[in-house]
Amino acid sequence: PAAAGLVRAIGASLRPSARTEEELWSMVTLHAELAIEKMQESNAALRVLDPELRDELLRESITENEAFIEEYTLGVAELRAHRASASDTDARAAEVAEVSAGLAGDGLDL
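As the structure is a prediction and not an experimental result, all values here were calculated from the model.

A look at the packing of aromatic side chains
Here is step 1: A complete count under the given rule lists 1 aromatic pair for this structure.
Here is step 2: For the ring pair F68 and Y72, a centre distance of 6.0 Å and an interplane angle of 80 degrees mean the geometry is edge-to-face. One end of the pair, F68, and the other, Y72, are both in helix α3 (residues 56–105), 4 residues apart, so they sit about a helical turn from each other.
Here is step 3: Taking relative accessible area as the criterion, F68 reaches 40% and is therefore assigned partly exposed.
Here is step 4: A residue is classified by how much of its surface remains accessible, and Y72, at 13% relative accessible area, is buried.

Take a look at the structure:
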């Protein structure tokens, strides 16, 4: 769910430059990680300005950033898990194909 939200939010502008869905997800992951980093930097700078968070606008900004950071972090984790799963599946498929090719070369039909 969080990954799908990231792909919708960030992926729309990246889709034209992605050749595949995997490439799109990789690009979305990178952009989300950069956004998380920038929001964390922003929060740190706002806390320097107002360590007690007395200013309502600064407090709201930090609260909103923290919500986005949490959502983006979850989305990045989901995208990475999906990509790792896809890589494992690709590796297993390649291994099966290699074994099948070897057996076919030995005159065995699969």
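Here we look at the packing of helix α1 (residues 2–14) against helix α2 (residues 21–49)
Here is step 1: Following both chains from N to C, one finds α1 and α2 inclined at 105 degrees, their axes separated by 9 Å at the closest point. By the angle between their directions, the pair α1 and α2 is classed as roughly perpendicular. Taken together, the residues of α2 that come into contact with α1 (itself represented by L6, V7, I10, G11 and L14) are L24, W25, M27, V28, H31 and A32.

What to know about the pattern of salt bridges
Here is step 1: In total, this model carries 5 salt bridges according to the counting rule given.
Here is step 2: The salt bridge partner of R19 is E23, with a shortest N-O separation of 2.9 Å.
Here is step 3: On the basis of relative accessible area, R19 is assigned to the exposed category, the value being 73%.
Here is step 4: Residue K38 is joined to E41 by a salt bridge in which the shortest nitrogen-to-oxygen separation is 3.6 Å. Of this pair, K38 and E41 both sit in helix α2, 3 residues apart, which is roughly one turn of that helix.
Here is step 5: Residue K38 is classed as exposed on the basis of its relative accessible area, which comes to 51%.

Rules and cut-offs
Each chain has its residues counted from 1, running along the sequence as written. Thresholds applied to this predicted model are a pLDDT of at least 70 for local features of residues and 80 or more for the giving and counting of side-chain atom pairs; totals over whole chains, interfaces and linings are not thresholded and use all residues. Computation of side-chain values covers all heavy atoms of the structure but excludes hydrogens and water. Centres within 6.5 Å make a pair out of two Phe, Tyr or Trp rings, where for Trp the six-membered ring is used; the pair is then stacked when the planes are under 30 degrees apart, edge-to-face when over 60, and tilted otherwise. The numbering of helices and of strands both runs from the N terminus, where a helix is a DSSP run of H or I of at least 4 residues and a strand a run of E of at least 2. Think of it in three bands: with a 1.4 Å probe and only protein chains considered, a residue is buried below 20% of the maximum accessible area for its type, exposed above 50%, and partly exposed in between. To obtain an axis, a line is fitted to C-alpha atoms, over the contacting stretch when the element is a helix, and the angle between two such axes runs from 0 to 180 degrees between their N-to-C directions. For this classification, under 35 degrees means roughly parallel, over 145 means roughly antiparallel, 65 to 115 means roughly perpendicular, and everything else is oblique. Contacts are residue-level and defined by heavy atoms, with any inter-residue pair within 4.5 Å sufficient. Any carboxyl oxygen of Asp or Glu that lies within 4 Å of a side-chain nitrogen of Lys or Arg is treated as forming a salt bridge with it.

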